[in-house]
Amino acid sequence: MEISYSNCFELFFDYLGWIRKTFGPSFDFATFKLEIEVRVLQSFDLYLTKCRRRNHETCLEQDEEKDVTSFRIQDLIIRRMQDLEFACSEYLIHPRSPASSQIISELIIFQEAIELFFETDINESCINYLLDCYWLRDPELVMDFIDSVSKSLAEMIGSYFERLVKKLMFLKSFILFAMLRGVKGQQLIDLLIHAEVVSIKALHLASIWCLHVDKEVQNETELQISRLIDEKINPGDPQVRETYIHVMTAAKLSRSADISALEKNKHLVADFMYRLVPNFVELLNSRTNILVPIMNQMLKLLDGLRFLTILLRHQENFKELCHALKNLIGVVACDAAVVIFSLSVNQIKEGLAKETDLALFHLLKVLKFIRAEVTDPVTLLFSPFGFPRTNELGSMDFLLENLKELENCSETDYSIAFPKDQIHTVLEDLIVLRSFLVKIADQRNRNGKLQALWSRVMEVAHRAEFVIDSIVVGDKHEYLERVARDIQLLRTEALETYDSTMHDCGAQRTTQKSFRIESKCRTPMLNEVLVGLDDEVKAIIHGLTRGSKLLDFVSIVGMAGLGKTTLANRVCNDALILSHFHILARCTVSQVYSMHSLLVQLLCSISSRSPGEYLEMDENDLAHKLYKLLKRNRYLIFLDDVWEIKAWNLMERSLPDDANGSRILFTSRIQLQFKPDTKAHHLRHLTDEESWKLLQKKLFGKEGFPPTLGKVGSQIANLCRGLPLTIVLIAGILANTAEDCWEEVAKSLTSSIVLDDEYCMKTLELSYSHLSDDLKPCLLYFGKYKEDENVPVRRLLWLWISEGFVRKTEEKSLEDVADDYLKDLIDRSLVMISEQRTIGGAKACQLHDLVHEFCVKKAKEENFLHVLHGRNDRFILTSPSNPLRVCDRSARNLMIWELMLEFPNVRSLLLFKEDDLGFWLPKLLRVLDLGELEFGAYFPMEVLLLAQLRYLAVRATETIWNIKTLRHLWTTSSYAGFIFPVENLEVCPGLFHLDTLSLAIDPSSQNFQKILTKLPNIRRLRCPKTASREKCTRDGILIYGFKFPLNLKKLTLQVTTQPWSEISKIGKLPKLEVLKLLDDSVVGEEWEMKEGEFPSLRVLKLRGLWDFCSWTASFDNFARLEKLVVHSCRNLEELPSCLGECPTLEMIEVKRCRKSVANSVKQFNKNR
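Of the protein chain, the UniProt comment under Subcellular location (unreviewed entry) reads exactly: "Cytoplasm".

Rendered as structure tokens:
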């Protein structure tokens, strides 16, 4: 290879890529580190070759020294590349020789040579000398150098470098903006020198970090990087701040700023504002106790900058502006920068300096003026493609219901003059438009004019909702008149269109031809086996129970939808397996997993405990606990959906090998070699006969197909290509399709030739298209959960209701309608029950991997839900999509400040991880799930300002609640509840909509009773006790004489230390179906149940009642009881004998109790 000094770096990177491709991943680590070091060298070399003397007095010898250093860098690269090339050639000629280690050796020598060069030639004194004597000065050279440094830093791993790259890009955008505004002379030179100095210092710090493995050195370097950002870029240093302000003042006053240049390069202004905002946000986030009036001003400024950024990138709207207004936008960008640069942390905390306050006041007035001059800011911010296209009629109905509530509300509910007359007009017009949409629902897909009109109606409805909801939270209603006028014009157009094109259409909403086949078989549980594969089962059982005594592996491999998990579950439930192994444990791995999660899953499957009991333990403790449980036992571990060997490597140390025949069973889409002799069991497709049997069983149970449907049914089964998932999905479609339309289903299955995995997705698309409009958003909502995640049904239904997916009916409650929706999705085999309630229905549910993949993809297509997996998934500031639902899989992806900028109209915010987010919430939120986020003593009072909030899930325990719209208030921790304030409780409005609450009990019975009176319609209540206000002894502070609401259906008490006499009062609640008394919720030795108590009780759970010894009851106390659970009641002697006579009792579960209690259960079973 010919290597020259002019192209040595490019040739090096190309050659490194060739090494990786040729020799595989074993070289990845060595080449990755070497690449970073060479990129850093390349950036230094660029600076050395391009910089020039600051003054002519610098001696020629110093120039020669600089050039020699550059030459030596390039020479080092060339010489080391030649040696590396020789080692690679030797290996290719003699592949069995130890030349492979020689290549690794040459890579290490290469790294060591670079490290030595940095120590001797590019150390701190060299950097200082360069900065004293040389500069780039030319804007293009400075920006090229910034790009080179940023490219080097981008290769490094760590949030510090990611942040530093963004800051360098800010400096570049600053230079471009200043030049666009006509800044010249000393101000521009000062900015260029500053950017140059910051960049070379950043490069030097990066070189120290990557060349030292010492953790202390790296930590100190990270601290210096943070200091460089905060002082020299943000700017915290007064001298830097002065430089920035001088440049911005010159930019504002410059007469050479050219309007035509602005029009041509308006993206540079937008980019500068976009990169300026994070500096501002960081400043705000540095303090959590900013005064509310100041915070409001800051947020208005942020909102204004976002508006201008969108305007600059919105081609048509910007063109319409006059020259003066375009110039004003450039001036506003300068003013905004000056205000932001002028702020200091102390000013924000204690109040703004007078000069800054006046500048900010003037700036906000100008921003408001620009908004008013733009033709239609509401239309500008919300493109017709920016709203969800799922269940559009349902979203219209949700809006109409809310408008009716607003129309009937008392004006005293709002602190602003509420425009009721305008809202009434909007409501009437939208009702007419909604009726029009119903009439054209079917025809619009065949008529471009009707489809366009439909889209415009939905757009204006969404704009109306945004404007009216903004008024409710306190914004001015200056845009309502414009939106109302647009709606009236559309109403007129819609009526004219209908009269001219729709004479033959009926007035009722048309629907798909549908026919419901009543299922002849019970709803299957998750992955329940429904047909055949007996030969496969025998082969796998043989592999698990025979052969080597050492720990061994059996794998089931096959494509998605082929039934791997179904087959594995059937094997694990086989009587031979259950008798052969002492312990059976299972967990789902998936593509994204953590060691902690896998260990918790395995422990829960062995011990039947809830995950919450293990969540606080660290990985080492969990691994040790699992090891102890498995030691000296023959165990079978089932790992489902494994994608890489690394998952096994993580768990291997937790699984003992006692040479007793223990086994690991795993399923995977790809063949993985855990051991050299591991044999994969490749799962076959179903035969045509098995496919036909499965379809029959799914649709008609044991009765078989009616003769009239046999031919087309058999044809459809054969078209499913032997894929079980496709068969059950098609069964779900057929069950809801009229028999005379089955031929159409068959035709749709033969309309294209695709691969098997694509065929499954095609079938899912078909299944989705057959769903009613109400069910589509409910299915897509599963996209917010992780793959293979167990979804608690109760919380899922609450979310559906709060999101507005569930239609109101006169006959049923919203919860019952939502439950029907879920049952429908289960019947169609789109959702699987993963955990069943003893009293009927699903407790938890789950999606098949492919169904989940479909939901995520479809939700994104229809702008229904935006899922953030990492920072790169974030929309840019000016994205036209403007999603209403944002789900962040890792809260570290963005601060909520950033979220307000990037998703200003978000209605649902769903977070999963614990982090310190900073707080100022999007004001139109309806759903807020803060996952594992903990607040300690501080909870953001901003939540109280969320006038639209309907659902809140959080781990917080101490706060104030006065949000009248809430239906569900729940903590993600089972041991925590909300504390209501008792001050001025009498004048606080009641939470009349609240259905579900986790309420921490105050030791004062008076306060607790007052709180209960504010919750008249509560149906599900969980009450853990708090000792935060008053220390409690072991006996606790007893709460006597409280009265629970009569509507209560489910009650959980935890650590409340009540006497049994108080439980008798609870027994008089007429609708109580579920009672859980947990962890010292009751104290006392004897529970004597009185006649007539608990008339509706279906589930009773007793856990951790340490004093409990004696229990007497009569038959009528358990007239409807279906499930009894007794855990850790160590002193209880026996269960009431009348339980054996209870006809409705389906299950008794006893754990960690006396043998006499277990014997009484055996006696009941024997008698029954």
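That was the structure; now back to the text.
Visitor: Could you clarify how one ought to interpret the side chain of Thr69 in this entry?
Guide: For Thr69, the location among the structural elements is in helix H3 (residues 60-93). With near-sequence residues (within four places) excluded, Thr69 lies in contact with Leu48 and Phe117.

Visitor: In this structure, what is going on with empty space enclosed by the protein? I would like to understand it.
Guide: By rolling a water-sized probe across the atoms, one finds the places where empty space is left. Overall, the coordinates contain eight cavities of 30 Å³ or more when judged by the stated rule. Considered as a void within the structure, the largest cavity measures approximately 190 Å³ in volume. Lining the largest cavity are 16 residues, and of these Ser395, Glu803, Phe805, Arg885 and Arg926 lie nearest its centre. Counting residues per element, the ones that place at least two in the lining of the largest cavity are helix H19 (392-408) and helix H21 (448-472). The element contributing the most residues to the lining of the largest cavity is H19, with three residues. Class assignment of the residues belonging to the lining of the largest cavity gives a composition of six nonpolar, six polar and four charged.

Visitor: Would you mind showing me how to read the nonpolar core here?
Guide: Nonpolar side chains in soluble globular proteins tend to end up buried together. Ranked by internal contacts, the top residues of the largest apolar core, which has 129 residues, are Ile77, Met248, Leu301 and Ile370. Among the nonpolar cores identified, the runner-up in size contains 95 residues, and Ala568, Val712, Val745 and Phe782 belong to it.

Visitor: What should I look at first to understand the environment of Ile730 in this one?
Guide: Mapped onto the fold, Ile730 is located in helix H31 (residues 724-734). Judged by relative accessible area, which is 0%, Ile730 ranks as buried. In this structure the C-alpha to C-alpha distance between Ile730 and Cys720, which are ten residues apart in sequence, comes to 8.3 Å. Discounting residues that sit within four places of it in the chain, Ile730 has contacts with Ile716, Cys720, Leu749, Thr763 and Leu766.

Visitor: Looking at this model, I keep getting lost on the environment of Leu567. Mind explaining?
Guide: Summarising the element assignment, Leu567 is placed in helix H24 (residues 564-572). With relative accessibility at 3%, the residue Leu567 sits in the buried group. Sequence separation between Leu567 and Leu533 is 34 residues; the distance between their C-alpha atoms is 7.9 Å. Not counting chain neighbours up to four residues away, the residues in contact with Leu567 comprise Leu533, Glu536, Val537, Ile540, Ile556 and Leu683.

Visitor: So what exactly am I meant to see when it comes to the packing of helix H7 (residues 159-180) against helix H8 (residues 185-211) here?
Guide: A pair of packed helices can be characterised by two numbers: the angle between their axes and the separation between those axes. Running from N to C, H7 and H8 cross one another at 165°; their axes reach a closest spacing of 11 Å. The orientation of H7 with respect to H8, classified from their angle, is roughly antiparallel. Of the two possible hands of crossing, H7 and H8 adopt the one that is left-handed. Residue-level inspection shows Phe161, Leu164, Leu168, Leu171, Phe174, Ile175, Ala178 and Met179 of H7 in contact with H8, the latter providing Leu188, Leu191, Leu192, His194, Ala195, Val198, Ser199, Ala202, Ala206 and Trp209. Here the contact of H7 with H8 is built from residues that sort into 16 nonpolar, two polar and no charged.

Visitor: Looking at this structure, I do not really get unusual backbone geometry. What am I missing?
Guide: Most peptide bonds take the trans form, and the phi angle of most residues other than glycine is negative. The amide bond that connects Asn234 to the next residue, Pro235, takes the cis arrangement and shows omega of 5°. Phi is positive for Ser590, close to 70°, though the residue is something other than glycine. Among the structural elements, Ser590 can be located in the loop between strand E4 (583-588) and helix H26 (595-607). For Ser590, a relative accessible area of 4% puts it in the buried group. We note that Thr1057 has phi near 50°; this positive angle belongs to a residue other than glycine. Structurally, Thr1057 is set in the loop between strand E19 (1050-1054) and strand E20 (1058-1059). Among the residues examined, Thr1057 registers a relative accessible area of 3% and is labelled buried.

Visitor: Quick question: what am I supposed to make of the packing of aromatic side chains here?
Guide: Throughout the structure, instances matching the rule amount to 28 aromatic pairs. Among the aromatic residues, those joined into a ring-pair cluster are Phe170, Phe174, Phe177, Tyr244, Phe272 and Phe341. Here the basic side chain of Arg444 rests over the ring of Trp454, its NZ or CZ set 3.7 Å away from the ring centre. Sitting above the plane of the Tyr768 ring, Lys776 keeps its charged end 5.3 Å from the centroid.

Visitor: Would you mind showing me how to read helix H20 (residues 420-440) here?
Guide: Because an α-helix completes one turn every 3.6 residues, residues spaced three or four positions apart along the sequence face the same direction. Counted at 1.5 Å a residue, the expected span for H20 with its 21 residues is 30 Å, and the 30 Å between its end C-alpha atoms agrees. If you check which residues of H20 are buried, you get Ile423, Val426, Leu427, Asp429, Leu430, Leu433, Arg434, Phe436, Leu437, Val438, Lys439 and Ile440.

Visitor: Explain the sheet that holds strand E7 (residues 680-682) here, please?
Guide: Each strand in a sheet pairs with another by means of backbone hydrogen bonds, the pair being arranged parallel or else antiparallel. One open sheet holds the five strands; their spatial order is E4-E5-E6-E3-E7, and the pairing between them is parallel. With one partner strand each, in any of the chains shown, E4 and E7 form the two edges of the open sheet. When the angles between neighbouring strand axes are averaged without regard to direction, this sheet yields 15°. Pairing of strand E5 (residues 635-640) with strand E6 (residues 663-668), which is carried by four bridges, proceeds in the parallel orientation.

Definitions and cut-offs
Residues numbered from 1 in each chain as written. Predicted model: local features only at pLDDT ≥ 70, side-chain atom pairs only at ≥ 80, totals over all residues. Heavy atoms only, no water. UniProt positions renumbered as here; feature names shortened; annotations may be inferred. Helix = DSSP H or I, 4+ residues; strand = E, 2+ residues; numbered from the N terminus. Contact = heavy atoms within 4.5 Å. 1 Å grid on protein atoms, 1.4 Å probe; cavity = no way out; pocket = protein on both sides within 12 Å on 5 of 7 lines; lining within 4 Å. Points joined across faces, edges and corners; volume = space filled by probe spheres on them. Nonpolar A, V, L, I, M, F, W, Y, C, P; charged D, E, K, R; others polar. Core = buried A, V, L, I, M, F, W, Y, C linked by side-chain atoms within 4.5 Å. Buried < 20%, exposed > 50% of the residue type's maximum accessible area, 1.4 Å probe, protein only. Axes fitted to C-alpha atoms, helices over the stretch in contact; angles between N-to-C directions. Parallel < 35°, antiparallel > 145°, perpendicular 65-115°, else oblique. Left-handed = near helix turned anticlockwise from the far one by under 90°. Phe/Tyr/Trp six-rings, centres within 6.5 Å; stacked < 30°, edge-to-face > 60°. Lys NZ or Arg CZ within 6 Å of the ring centre and 35° of its normal. Expected span 1.5 Å × (residues − 1). Pairing = 2+ DSSP bridges.

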